[in-house]
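Remarks on the overall topology
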Amino acid sequence: MCQTSEDVFHTTLLKVMEELAELDEKQVLEYIDYKLKMVNFQIKQDQKELYKHQIYLEDANDQSTPETED
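Here is a short report on the structure shown in this document. (Residues numbered from 1 in each chain as written. Predicted model: local features only at pLDDT ≥ 70, side-chain atom pairs only at ≥ 80, totals over all residues. Heavy atoms only, no water.)

1. Brief notes about the side chain of Lys35
Test applied: Helical segments are the DSSP runs of H or I of at least four residues, strand segments are the runs of E of at least two, and each set is numbered from the N terminus. Three labels apply to residues, based on accessible area from a 1.4 Å probe with only protein chains included: buried if under 20% of the type maximum, exposed if over 50%, partly exposed otherwise in between. Residues count as neighbours in contact if any of their non-hydrogen atoms are within 4.5 Å of one another.
Within the element layout of this structure, Lys35 appears in helix 2 (residues 25-64). Residue Lys35 is classed as buried on the basis of its relative accessible area of 16%. For Lys35, the contacting residues outside a window of four places in its chain are Thr12, Val16 and Glu19.

Following this line, the structure appears as structure tokens:
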């Protein structure tokens, strides 16, 4: 599952809006920037984990299907 920059930004804004009431105007932009970095980091970590599972499944499929040669 690949997210575009717009998806990341949208997710970040949703997270910020949940906690917006506690921030003053000066902190909002800093907080949005912080959350954007956090969301991007989490997406990268999730993609790495997904890639590990894909490699594991591909290896398992290769080993379980014997190739027949005539």
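What follows picks up the thread again.
2. Details of the pattern of salt bridges
Our working rule: By salt bridge we mean one thing: a side-chain nitrogen of Lys or Arg within 4 Å of a carboxyl oxygen of Asp or Glu.
One pass over the full model with this rule turns up one salt bridge. Where Asp33 meets Lys37, a salt bridge forms, and the shortest distance between an N and an O atom there is 3.4 Å. In this pair, Asp33 and Lys37 are both assigned in helix 2, four residues apart and thus about one turn of the helix distant. Taking the relative accessible area as the measure of exposure, Lys37 reaches 55% and is therefore exposed.

3. Side note on the packing of aromatic side chains
Applied cut-off: Only the six-membered ring of Trp is used, alongside the rings of Phe and Tyr, when aromatic pairs are assigned; centres must lie within 6.5 Å, and planes under 30 degrees apart are stacked while those over 60 apart are edge-to-face, with the rest tilted.
This structure, assessed with the given rule, holds one aromatic pair. Centroid distance Tyr31 to Tyr34: 6.2 Å. Interplanar angle 35°. Geometry classified as tilted. Taken together, the positions of Tyr31 and Tyr34, both in helix 2 and three residues apart, correspond to about one turn of that helix. On the basis of relative accessible area, Tyr31 is assigned to the buried category, the value being 17%.

4. Side note on the environment of Leu36
Looking at the element boundaries, Leu36 is found in helix 2. Separated by 20 residues in the primary sequence, Leu36 and Val16 place their C-alpha atoms 9.5 Å from one another. In this structure, Leu36 is in contact with Val8, Phe9 and Thr12, ignoring residues within four places of it in sequence.

That is the geometry; function is a separate question.
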